[in-house]
Structures are given as C-alpha cells and as structure tokens.
Amino acid sequence: MLSQTFCQLEGSSRDVHPVDMLLYDNAESANGYKVRLLASFLDLPIEVRDVDIFSGGSRTEEFLAINPFGQIPTLILDDGRILPESNAILCHLAEGTPFLPTAGYDRSRVLSWLFFEQYSHEPYVATPRFILRHTAPDHPRRAELTWRLPRGKRAIGVMDQTLNATPFLHGETPTVADIALFAYTHRGEECGIDLGDFPAVQRWIERVQCLPRFTPMRPPAELKLVD
Ligand SMILES: N[C@@H](CCC(=O)N[C@@H](CS)C(=O)NCC(=O)O)C(=O)O
C-alpha cells in the first residue's frame, strides 16, 4: 500500500489534498495528459511524478522494475498494483462513470476507438510530433514524416467524418474515446497536421475544451532534442 501523500495538482481548484494514486508522467507526453485530463473531469486526486524520458529516466533499473515496458504513463493504484498503458488506465479510472459505457455494444464501440487510437492514429500523429519537436532538422528520422503524416491525416479524416454526425466520437456525451483521441489531435499543428482541413474535429476540440473541469496540457519545462 502506498503511503498517503500530499500534492498540489496544477490547474485544479484543490490546493493541498490527500491522494493515494501515483502517476508516472512527463509534461511533454499527451499519453500522460490523457490520464490527467480524465482525472480532472472525474475530480480524482492523483499525485503526478515526472520521469525524465528524454534522458533515460524511463529506462533505469528502478523504473523498469515498476514498468518493464519502460514507458510513461504508468499508474500505481491505491493498493500498490501497477497499471501501464494510457488507454487501459483510462478504462480503469472510468469504470462505473459515464465516460465508459457498461458492458455491451456501446462499450465495445468505445473500445474500438481506443484500439484505433493506438494502431491507426498514435504512430502517425504522436510520432511525427515527437520527431518534429525532439530531433534536429537534418535528423534521419525526419524522412519518416513523408509516410507517417498522410496516415495521420487519414486517421483524423475518419474522426472528422464521424464528428460530422455526432458531437462526440461515440454519441451525444463524452467518453474515454474522446479523451484518448483528443490528447494528440488537439496538438495537430505540432504534429505537422493542419486542423483547418478538419472542421468537425475543430468544433469537437472546442466542445471538449468547454466541458466542466477541463484542464489543459502542461507545458514542458524545456524542449529536449534526442540523438
Ligand atoms: N502505448 C503506450 C505508449 C506510451 C509511450 O509512448 N510513452 C512514451 C511517452 S509519450 C515514453 O514513455 N517514452 C519513453 C521511452 O520509451 O523510453 C500508451 O499509450 O501508454
């Protein structure tokens, strides 16, 4: 069991509050932001501990003992159990709330957006953002943008088509599907994608930003380049 700690949650009306879940995170990560955003919507107190992922902080022996994937976000539950993977964390925290429908077709449909995010969106939207923000202009990885970005635009196009018909990705109210896909999509310009081409997505971004208890992504302390 984690000992109860006290922290100040940024962008929250709370000042000092007892918390019992711990999130390994990094301000530059929109995967981590997914968790912080849902926690804010649900008013869940979570202590956030930043891991310096750009200087090997996620590959230390100590961190690999917590998460052998060597990645953030990783959540430590109040009973000490470990939960990696942003979308699994979203589902865990959203259980029993309107952000995750109960078992049946609706829940499966929300899950299909989460798998879409990981397979068809994240590698072609989040990875270009990483390349553009964390490699020098002559870095060999810049060549990947030529094949990644068209696929990213295709994924956002699929979202745009859906959001032309419904206010949120699965119907009339927000779910974890919206949170998972909002995270990197709303930073489209940083990913090399012009959101002006996707008007329904732009309206949806504003809709999410107007939800009660919305919290913005944290700015990174500094932008670090990788070799
Ligand atoms: N599928 C994972 C991806 C997590 C991920 O890519 N994390 C990155 C930051 S956004 C990370 O920890 N990178 C550091 C590393 O791989 O060492 C999820 O959705 O949580």
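Residues numbered from 1 in each chain as written. Predicted model: local features only at pLDDT ≥ 70, side-chain atom pairs only at ≥ 80, totals over all residues.

Focus: the site of the ligand
So, point 1. For the ligand, the set of nearby residues contains 13 residues, the closest of which are Ser29, Ile53, Ser58, Gln71 and Ser86.
So, point 2. Split by residue class, the shell around the ligand holds 3 nonpolar, 8 polar and 2 charged. (Near = placed C-beta within 6 Å. Nonpolar A, V, L, I, M, F, W, Y, C, P; charged D, E, K, R; others polar.)

Considering the sheet that holds strand β4 (residues 46-50)
One key point about sheets: their strands pair by backbone hydrogen bonds, in either a parallel or an antiparallel sense.
So, point 1. Strand order in the open sheet made by the 4 strands is β4-β3-β5-β6, with mixed pairing throughout. Unpaired on one side and paired on the other, β4 and β6 (82-84) mark the two borders of the sheet. Neighbour-to-neighbour, the strand axes of this sheet turn through a mean angle of 20 degrees, independent of strand direction. (Pairing = 2+ DSSP bridges. Helix = DSSP H or I, 4+ residues; strand = E, 2+ residues; numbered from the N terminus. Axes fitted to C-alpha atoms, helices over the stretch in contact; angles between N-to-C directions.)

Quick notes on the domain arrangement of the protein
So, point 1. Partitioning the protein into structural domains gives domain 1 (5-94) and domain 2 (105-209).
So, point 2. Of note, the centres of domain 1 and domain 2, computed from C-alpha atoms alone, are 22 Å apart.
So, point 3. Taken together, the contacts link 11 residues of domain 1 with 11 residues of domain 2.
So, point 4. Of all the elements in the fold, those that place two or more residues in the side of domain 1 that touches domain 2 are α1 (30-41) and α3 (86-94).
So, point 5. It is α1 that provides the largest number of residues to the side of domain 1 that touches domain 2, a total of 6 residues.
So, point 6. Looking at the side of domain 1 that touches domain 2 residue by residue, the class counts come to 8 nonpolar, 2 polar and 1 charged. (Domains from an automatic or database assignment. Contact = placed C-beta atoms within 7 Å.)

Notes on the pairing of β4
So, point 1. Bridge analysis of strand β3 (residues 21-25) against β4 gives 5 bridges, and the strand direction is parallel. Bridged to leucine 23 within β4 is valine 48.
So, point 2. In this fold, β3 hands off to α1, which returns the chain to β4; that crossover is right-handed. (Right-handed = clockwise from strand over helix to strand, strands pointing away.)

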